[in-house]
Every structure is written in structure tokens, then in C-alpha cells.
Amino acid sequence: INSDMVESINFSAGGFDAKYGDKRSSVLDITYKKPKKFEASVSASLLGAGLYVGYAKKNFSMTHGVRYKTNQYMLGSLETKGEYSPRFLDYQTYISWSPNKRWSLDFIGNISQNQYDFLPTNRQTNFGTMQDVKSFRVYFDGKEEDLFRTLFGTLSLSHSFTDRTKLSLLASAFATKERETYDIQGQYWLDETNTTEQLGVGTYMEHARNYLNADVQSYSLTGQHRIQRHAIQWGLELKAERIKEKLREWEMRDSAGYSLPQVPNGPELIYSLSSKNDINSNRLSIYAQDSYKFQSGAGLFTLTAGLRGSYWSWNKEFIVSPRASLALIPNFNEKFTFRVATGLYYQAPFYKEFRDTTMVDGVASVSLNKNIKSQRSIHFVIG
């Protein structure tokens, strides 16, 4: 979220409507602004900088935001000394065009990159009691380079047939690339501080080449209709997911001249992991809800009821989520709103949540759980 580009934020701690999708606990509804004229802002600090520009002309508006951040000054206080270089860069844009009052075309785009480079040099940790203080020192060779890059875009085409009926067609794409690579060797000493006695010495080496690529495409059709005191909303969405992951990790540990673990056929790695997965899955969801307003002697009531259904091809699970809420603005004071809400909510897992890692004698293996089920919660909200 780029705060310079936000117009309004609504938060629901529970009991939210069916239109907000399959989430289990809460919803943050953020509306990016459409500027009325040219506007801009700039900010800078020791931890980063930001630039925002907004422009509007007749039926066209656009906003652009760029941010850069780094945490290397804060990480310099950690026990492990070395060269920390964490960098975050992102660009966001919101472009809106309405050729007339019936049609509108909107685009939101986001490119973000988190890069983490680390060149460790040494670490010293003291622990124990006042009478028995021990010192653990490590000297490092090697480095770690991690990269997390995300691209996201949504294109929305809306048409208002009348002042009471509106249809929207949305297409969005999300792509993420994760890379975690390191080769780090550590040589360590464990000493008794009070007596300078050496309790242990050894070396270890950690290696990793982990890559994850995920592509998600979604297409949805939504509608809004107003009939007298009713506000009806509905939607249909198809989402296609493609995930590719390749993991390669191992650790060698040598203590006082002996490689661990020792087996009859010779030394082995104390830890190793090798995995490769390539999966495709589809998700289909549909919802409908109605908000009905009516006046009584107590005040203005708003009754909202909706139903949501989702299907996921990975585990062949179909879930149904009914939701309802009732709000009252009392006649004695219109600054108050009383609300009760309830519903059955589900949240389907994403890739890393159904990837299981098991360890046997230091050898790790990865399996994908096709029997996993969505998390579920029941909400009762009074506000």
C-alpha cells in the first residue's frame, strides 16, 4: 500500500459481506484516489525516499508513486557483524479514463523488488551465569544473495447501462519470483571466559539454491443493480495458478576434526534437501448479495444477506459461505450506528501452506498435501 496514493480505507474486523471474497478473519478495503488537478509530494530520510505525482484533465486521471527503502543501518546493531544490504524498491500507478458517463476504464499496476545481500564477517555471543560465562565466536566466509520480485496488474472495464445497473469486466495477473542463494562457511570457538578453557572448535558450511516462480491469472465479471430499496451485487471469477519450485540445500558440519554424522561407510552431510515441483490448479468462485434498507420507528435499518461458493481443483473442495448483517442508524442520534453480523468464513491455502517437509536422518523431502482443507471460522460480531 502506498499511503500517498490512498483516498480512503475501510477496515472490517469480522462479519464482512460476501463480495469481499474468501478470507477468514478480516478485510482491509482500500480505495486509491483520482486527483482533480496536478499534485505532487516528495519525502526523504536516512532509511529511504518517496516520490508521488498525480495528474487530471477532463475525463482522465493518473497517479504514480515510487518508493525506496533500506534497513541496513538498523541491521548493523545485530550480533552477527558484516555488510548488510537490504533494499526495497517499488512503483505503483493508477490510471482512470471515462470517455463518457457510461463507460470507464481503469488500470492499477505494481512492480516491487526486495533484494537482500549479506556478507558476514564474525559473530560473538556471551551466555551462561554470572559465575560461569561462556563465549561463542564465529568467523565467516562466503555470502548470501536473496531476491523477491513481484509484478501485479489489473485492468477493469465498466459500463453503466442505467443509473441503477452497472457491469464490470476485470482481468488481472500476478507474478512473483523468489530466489534464495547462499554459500556460507563458519569456523567457531566455544570458550570458558573465566578460565580461557577451550570447550569446542569446529567448522560448518551451508549451501542453498532455492527458486520459486508463481503466476496467477484471474478473470471476473461483476454486476450491481438497484431495485427500489434493494442493492443487489453479484460476481463470478475464474483464477488459474501455475507454480514452479526448485529447492537445493545442504549443510556440512565438522566438530573438532570429525565430520558429523559419522556412519560406517564414511562421513555424510548432517542435512540435505532436494525438491522440484511444478503444479497447475484452478479456482472458481461465485457470490450474490442484497442490501435492503427500510425505515421504522427506531430508525433506518440496513439488512445485508449474501452467499458465496468456491471450488478448487487441487483438492476437489467446494465450500459454501453464507453471511448476513443488520445495521441501525437510530432516530434519537444519527451519529450512532449499531450493527450485528454473522457468517461462515473459509480461507483456502496457497502453495507454501500445503507443501509439507519431512526429515529422516538429516535427509529432508517435500510432498504436496492434496487432502488439505480450507481454514474455517464462524463470526458473531456486535458493534
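Residues numbered from 1 in each chain as written. Predicted model: local features only at pLDDT ≥ 70, side-chain atom pairs only at ≥ 80, totals over all residues. Heavy atoms only, no water.

Asker: Describe the overall build of the protein, naming the residues involved and giving the relevant values.
Answerer: Counting its secondary structure elements, the protein contains one helix and 21 strands. For 383 residues, the compact-globule estimate of 2.2 N^0.38 gives 21 Å, and the C-alpha radius of gyration of the protein, at 28 Å, exceeds that figure by more than 25%. Projected onto its principal axes, the C-alpha positions of the protein cover 85 × 50 × 45 Å. Within the protein, contacts between residues separated by at least 24 positions form 62% of all contacts whose residues are at least 6 apart in sequence. Summed over its atoms, the accessible surface of the protein is roughly 22900 Å², and 57% of this surface lies on carbon and sulfur atoms. Each charge class in the protein can be summarised by its mean position, and for the 46 positive and 39 negative side chains these summaries are 13 Å apart. (Helix = DSSP H or I, 4+ residues; strand = E, 2+ residues; numbered from the N terminus. Rg over C-alpha atoms; globule rule 2.2 N^0.38 Å. Contact = heavy atoms within 4.5 Å. Areas by Shrake-Rupley, 256 points an atom, 1.4 Å probe, with all protein chains shown as cover. Lys, Arg positive; Asp, Glu negative; His and termini not counted. Charge placed at Lys NZ, Arg CZ, Asp CG, Glu CD.)

Asker: A description of unusual backbone geometry should follow, citing residues and the corresponding values.
Answerer: The phi dihedral of K316 is positive, around 55 degrees, even though this residue is not glycine. Here K316 shows up in the loop between β16 (299-312) and β17 (317-330).

Asker: Provide a residue-level description of the pairing of strand β6 (residues 80-97), including the pertinent values.
Answerer: Of the pairings in the sheet, the one linking strand β5 (residues 60-70) to β6 comprises 11 bridges and is antiparallel in character. By the bridge assignment for β6, F60 is matched with W97. When β6 meets strand β7 (residues 103-128), the two strands line up antiparallel, connected through 18 bridges. Paired with R87 across the strands is Q115, a residue of β7. Counted between consecutive antiparallel strands, the loop separating β6 from β7 contains five residues. (Pairing = 2+ DSSP bridges.)

Asker: Now, about the pairing of strand β20 (residues 363-368): what can you tell me, with residues and values included?
Answerer: A regular strand places its side chains so that they alternate between the two faces of the sheet. Direction of pairing for strand β15 (residues 271-295) relative to β20: parallel, over a ladder of two bridges. Opposite L273, over in β20, you have A364 as the bridge partner. As paired strands, strand β19 (residues 355-360) and β20 are joined by six bridges and run antiparallel to one another. Among the inter-strand pairings, V360 is bridged to a residue of β20, identified as V363.

Asker: How would you explain the side chain of E251 if you had to name every residue and give the values?
Answerer: Looking at the secondary structure, you find E251 in strand β11 (residues 230-255). Judged by its relative accessible area of 12%, E251 falls in the buried class. Not counting chain neighbours up to four residues away, the residues in contact with E251 comprise Y204, M205, E206, L269, I270 and Y271. (Buried < 20%, exposed > 50% of the residue type's maximum accessible area, 1.4 Å probe, protein only.)

Asker: Describe the nonpolar core, listing the residues and the values that go with them.
Answerer: Formed by L212, A214, I243, I279, W312, W314, Y351, F354 and I372, the largest nonpolar core amounts to nine residues. Those residues in contact with I279 that sit more than four places away from it in its chain are E241, R242, I243, W314, Y351, F354 and L368. (Core = buried A, V, L, I, M, F, W, Y, C linked by side-chain atoms within 4.5 Å.)

Asker: Residues and numbers for a nonpolar patch on the surface, please.
Answerer: On the surface, V42, L51, V66, Y68, L89, Y91, I111 and L151 cluster together into a nonpolar patch covering about 710 Å² of accessible area. Elements with a contribution of two residues or more to the nonpolar patch: β5 and β6. Tracing the backbone shows L51 in strand β4 (residues 48-57). (Patch = residues over 30% accessible without salt bridge, like charges linked within 9 Å, V, L, I, M, F, W, Y side chains within 5 Å. Salt bridge = Lys/Arg side-chain N within 4 Å of Asp/Glu carboxyl O.)

Asker: I'd like a rundown of the environment of T193, residues and numbers included.
Answerer: Looking at the secondary structure, you find T193 in the loop between β9 (165-192) and β10 (197-227). Using a relative accessible area of 40% as the deciding quantity, one classes T193 as partly exposed. Sequence separation between T193 and V133 is 60 residues, and the spatial gap between their C-alpha atoms is 5.6 Å.

Asker: So, the packing of aromatic side chains: which residues are in play, and what are the values?
Answerer: Evaluation of the coordinates by the stated rule reveals 12 aromatic pairs. Aromatic side chains F16 and Y345 sit 4.7 Å apart centroid to centroid with 55 degrees between the ring planes, which places their arrangement in the tilted category. Pair noted here: F16 is in the loop between β1 (6-12) and β2 (27-32) and Y345 is in strand β18 (residues 338-347), with a separation of 329 residues, a long-range link. For the pair F16 and Y345, a shared accessibility class is recorded, and that class is buried. With centroids separated by 5.2 Å and ring planes inclined at 5 degrees, the aromatic side chains of F294 and F301 adopt a geometry described as stacked. (Phe/Tyr/Trp six-rings, centres within 6.5 Å; stacked < 30°, edge-to-face > 60°.)

Asker: I'd like a rundown of the pattern of salt bridges, residues and numbers included.
Answerer: Should the charged atoms of two oppositely charged side chains come close, the side chains can pair. Summed over the entire model, instances satisfying the criterion amount to 15 salt bridges. In this structure, the salt-bridge partner of D117 is R87, at a minimum N-O distance of 3.4 Å. Of the two residues, D117 sits in strand β7 while R87 sits in strand β6, which places them 30 residues apart along the sequence.

Asker: Describe the confidence of the model for the protein, with residues and values.
Answerer: Considering every residue of the protein, the mean pLDDT works out to 91; 95% of them sit at 70 or more. Across the protein, the secondary-structure element scoring lowest on mean pLDDT is strand β14 (residues 266-267), at 58, and the one scoring highest is β16, at 97. (pLDDT = per-residue confidence, 0-100.)

Asker: Can you lay out the side chain of H207 for me, pointing to particular residues and giving the numbers?
Answerer: One can find H207 in strand β10. Within the structure, H207 has its side chain in polar contact with the side chain of D183 (distance 2.6 Å). Apart from the residues lying within four places of it in its own chain, the contact partners of H207 are Y182, D183, R248, E249 and W250. (Polar contact = N/O pair within 3.5 Å; in protein donor to acceptor, adjacent residues only side chain to side chain.)

Asker: Any chance you could break down a positive patch on the surface for me, citing the residues and the numbers?
Answerer: Together, K244, K246, R248 and K276 line one region of the surface with positive charge. Examining the composition of the positive patch, we find that three residues originate from one element, β11, more than from any other. Position of K246 relative to the elements: it lies in strand β11. Accessibility expressed as a relative area gives 38% for K246, which makes it partly exposed.

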